[in-house]
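Chain residues, written in single-letter form:
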Amino acid sequence: MMKEYPMVVRILAVIGFFLVASLILSIVVPVISSLIGLFFRIAIPLAIAYFLVNWLTKRRDRRTY
């Protein structure tokens, strides 16, 4: 059976849970957002360069023997 806790203890437990959750989120969210920013700074220019080089060096009706 579940133990009945007084109302004050339950309120303090909820407040403690929210404090711990906010601490974890304040650590995790900046790390994730910086990784996403790094992805956009590196991957998108590389993709653009790849497609430009691919587009400029396409073989157009060249016959290979």
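Residues numbered from 1 in each chain as written. Predicted model: local features only at pLDDT ≥ 70, side-chain atom pairs only at ≥ 80, totals over all residues. Heavy atoms only, no water.

## Re the overall build of the protein chain
Along the protein chain, the regular secondary structure elements total one helix and zero strands. Considering the protein chain as a whole, with its 65 residues, one finds that 0% of them fall into the buried category. In the form shown here, the protein chain has an accessible surface area of approximately 6700 Å², with 74% of it arising from carbon and sulfur atoms. (Helix = DSSP H or I, 4+ residues; strand = E, 2+ residues; numbered from the N terminus. Buried < 20%, exposed > 50% of the residue type's maximum accessible area, 1.4 Å probe, protein only. Areas by Shrake-Rupley, 256 points an atom, 1.4 Å probe, with all protein chains shown as cover.)

## Thoughts on the UniProt feature "transmembrane region" (unreviewed entry) in the protein chain
Here, the residues flagged by UniProt with the feature "transmembrane region" (unreviewed entry) are residues 7–32 and 38–57. The straight-line gap between the two end C-alpha atoms of residues 7–32 is 37 Å; of that span, 100% is helix and 0% is strand. With 95% helix and 0% strand, residues 38–57 has its two end C-alpha atoms placed 29 Å apart. (UniProt positions renumbered as here; feature names shortened; annotations may be inferred.)

## With respect to the packing of aromatic side chains
The tally for this structure, following the rule as stated, stands at three aromatic pairs. When the ring of Phe17 is compared with that of Phe18, the centres are 5.6 Å apart and the planes differ by 55°; the resulting orientation is tilted. The class for Phe17 is exposed, based on a relative accessible area of 54%. Look at Phe18 and you get exposed, because its relative accessible area is 54%. Ring geometry for Phe39 and Phe40: centres 5.5 Å apart, planes at 70°, overall edge-to-face. (Phe/Tyr/Trp six-rings, centres within 6.5 Å; stacked < 30°, edge-to-face > 60°.)

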